[in-house]
Amino acid sequence: MTILSNGHLWKYSKFIENENYSFNQNKILNLLSKKDIDEAYLSISNWENYTPTPLIELNKLSKELNLNKIFYKDESKRFDLKSFKALGGAYAVEKITNGNKNITVATATAGNHGRSVAWGAKRLGLKCKIFISEFVSKARGQAMSDLGADVIKVKGNYEKSLIECIKQSTENNWQIVQDVAWKDYMTVPKYTMAGYTVMMKEIADQINNQQITHIILQAGVGGMAGAMVAGIARYLRNIPETIVVEPDSAACVMESIKTGKIEKINIKRESLMGGMSCGEVSLVPWEILKNSVKFCISLPDDDIARTMKLLGNSSFSEEKIIAGENSAPGVISLITSCVDDKIKERLKLNSRSNVLVIGCEGDTDKEMYQKLIIQ
Ligand SMILES: Cc1ncc(COP(=O)(O)O)c(C=O)c1O
């Protein structure tokens with residue numbers, strides 16, 4: 001029995017097309033410059049133990065969906081942090097401290113960004129303070145302590161941990177390394193995004209003159225998606241159809257694209273896709289995404305565990321892929337789009353399509369991963 005003929009209904013929640021779509025390469029590279037992008041690649045590719053992460057063909061799935069190719073960027077192999085996030089926070093730490101060893105860096109985080117900052121601080125021998133909310137799992141907090149960071153638990157949600165981080169950092173003269181931008185805080189989030197663009201440079205090298213026709217990008221606050229769009233503008237010779245995917249409980253990019261301005265979501269239920277459970281798109285990525293994303297799709301959590309399992313037992317590819325919760329939505333949205341004739345047509349998905357999906361992370365929370373794949 002094949003994956004799609006076993007009677008399971010692959011679900012999406014909403015699908016929209018951006019009425020303000022107009023991909024403008026120059027405008028994008030004004031927001032995240034070629035210089036920033038190139039500098040990030042030059043620095044990161046010289047870090048100890050740097051190697052490009054694999055670009056795996058989901059050949060079994062592309063055959064079933066009748067697509068030409070599906071490329072899966074496997075960030076579970078990114079340094080020892082198992083997530084693309086390793087490229088962002090750690091690079092921002094390097095940029096803002098600029099060789100100065102007497103700086104303490106601080107951040108508020110749901111997990112992976114903080115690990116990247118802690119790891120970046122450790123690399124450079126800097127002190128690091130990490131603020132986490134009471135909802136961040138023990139394992140994630142421990143992972144940052146293990147990297148030598150001082151982990152401070154704050155009562156309340158992520159916003160509360162950020163407020164405390166800003167307060168203590170101001171009092172103690174620590175440098176805040178946040179991946180989210182606000183009105184007077186754009187430089188560090190830009191460095192973080194510049195770090196993420198390394199993924200697109202690697203992909204451009206790995207596809208070897210083949211053309212990507214579609215790219216599906218997960219979004220939380222939109223940093224990764226915005227960075228990848230900038231990477232398209234910088235490195236690709238064509239402009240693929242760009243699709244942003246989000247949890248239906250936190251579709252802040254979709255809701256903002258709908259109205260053409262930043263819309264805040266009141267998250268009523270935390271998605272299993274924890275890294276993507278964000279209520280408001282960040283300013284820098286928004287400026288990039290608002291005209292450059294062509295489609296948005298939102299998903300319930302229903303198929304996450306199933307997809308992680310199918311990736312892990314080599315149902316989609318020749319090799320087994322360790323995919324965390326935030327890695328599944330690219331594949332799920334592609335499958336649901338292919339089984340819905342209307343969406344398939346709108347996206348122009350066909351036997352000539354080469355689709356890129358991003359496997360953002362591996363088993364960054366081992367306990368959670370095991371729990372989900374045995375379900
Ligand atoms: C672990 C993790 N955190 C966060 C995100 C979201 O990134 P951003 O907040 O930059 O949109 C993703 C993927 O989209 C992810 O895999």
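Residues numbered from 1 in each chain as written. Predicted model: local features only at pLDDT ≥ 70, side-chain atom pairs only at ≥ 80, totals over all residues.

Caption draft 1: Broad picture of the pairing of strand β4 (residues 104-109). Of all 6 residues that make up β4, 5 are buried, and the element is covered over most of its length. Inspection of the sheet shows β4 paired to strand β5 (residues 127-133) by 6 bridges, in the parallel sense. The partner of Thr107 across the bridge, within β5, is Ile130. As paired elements, β4 and strand β7 (residues 175-176) share 2 bridges and run parallel to each other. When the bridges of β7 are listed, Ala106 appears paired with Ile176. (Buried ≥ 20, exposed ≤ 12 C-beta atoms within 10 Å, placed from the backbone. Helix = DSSP H or I, 4+ residues; strand = E, 2+ residues; numbered from the N terminus. Pairing = 2+ DSSP bridges.)

Caption draft 2: Highlighting the domain arrangement of the chain. Domain boundaries assigned for the chain yield domain 1 (14-83 + 192-374) and domain 2 (85-180). Here the C-alpha centroids of domain 1 and domain 2 sit 25 Å apart. Listed by partner, the interface residues are 23 residues for domain 1 and 18 residues for domain 2. When contributions to the side of domain 1 that touches domain 2 are tallied by element, the ones reaching two or more residues are α2 (34-44), α8 (187-196) and α9 (198-206). Per element, the largest residue contribution to the side of domain 1 that touches domain 2 is 5 residues, and it comes from α8. (Domains from an automatic or database assignment. Contact = placed C-beta atoms within 7 Å.)

Caption draft 3: Just the sheet that holds strand β1 (residues 14-17), in detail. On the basis of which strands lie adjacent, the open sheet formed by 7 strands has the order β1-β10-β9-β8-β11-β3-β2 and mixed pairing. For this open sheet the edge positions go to β1 and β2 (55-57), each flanked by a neighbour on one side alone. The sheet shows a mean angle of 20° between the axes of neighbouring strands, direction not considered. Sheet topology places β1 next to strand β10 (residues 295-299); 4 bridges connect them, and they run antiparallel. Among the inter-strand pairings, Glu17 is bridged to a residue of β10, identified as Phe295. Sheet strands touched by helix α10 (residues 223-235): β8 (214-218) and β9 (241-247). Its angle to β8, the strand with the most contacts, is close to 150°. (Axes fitted to C-alpha atoms, helices over the stretch in contact; angles between N-to-C directions.)

Caption draft 4: How the structure looks around the site of the ligand. Every one of the 17 residues lining the ligand counts as a neighbour, but Gly220, Gly223, Gly275, Asn326 and Cys360 are closest to it. A total of 3 residues in the shell around the ligand trace back to one element, the largest contributor, which is α10. Residues that form the shell around the ligand fall into these classes: 7 nonpolar, 8 polar and 2 charged. (Near = placed C-beta within 6 Å. Nonpolar A, V, L, I, M, F, W, Y, C, P; charged D, E, K, R; others polar.)

Caption draft 5: Geometry of the nonpolar core. Judged by nonpolar contacts, the single largest core of 122 residues is most densely connected at Leu217, Met228 and Val253. By residue number, the principal contributor to this core is α10, which donates 8 residues. (Core = buried A, V, L, I, M, F, W, Y, C linked by C-beta atoms within 7 Å.)

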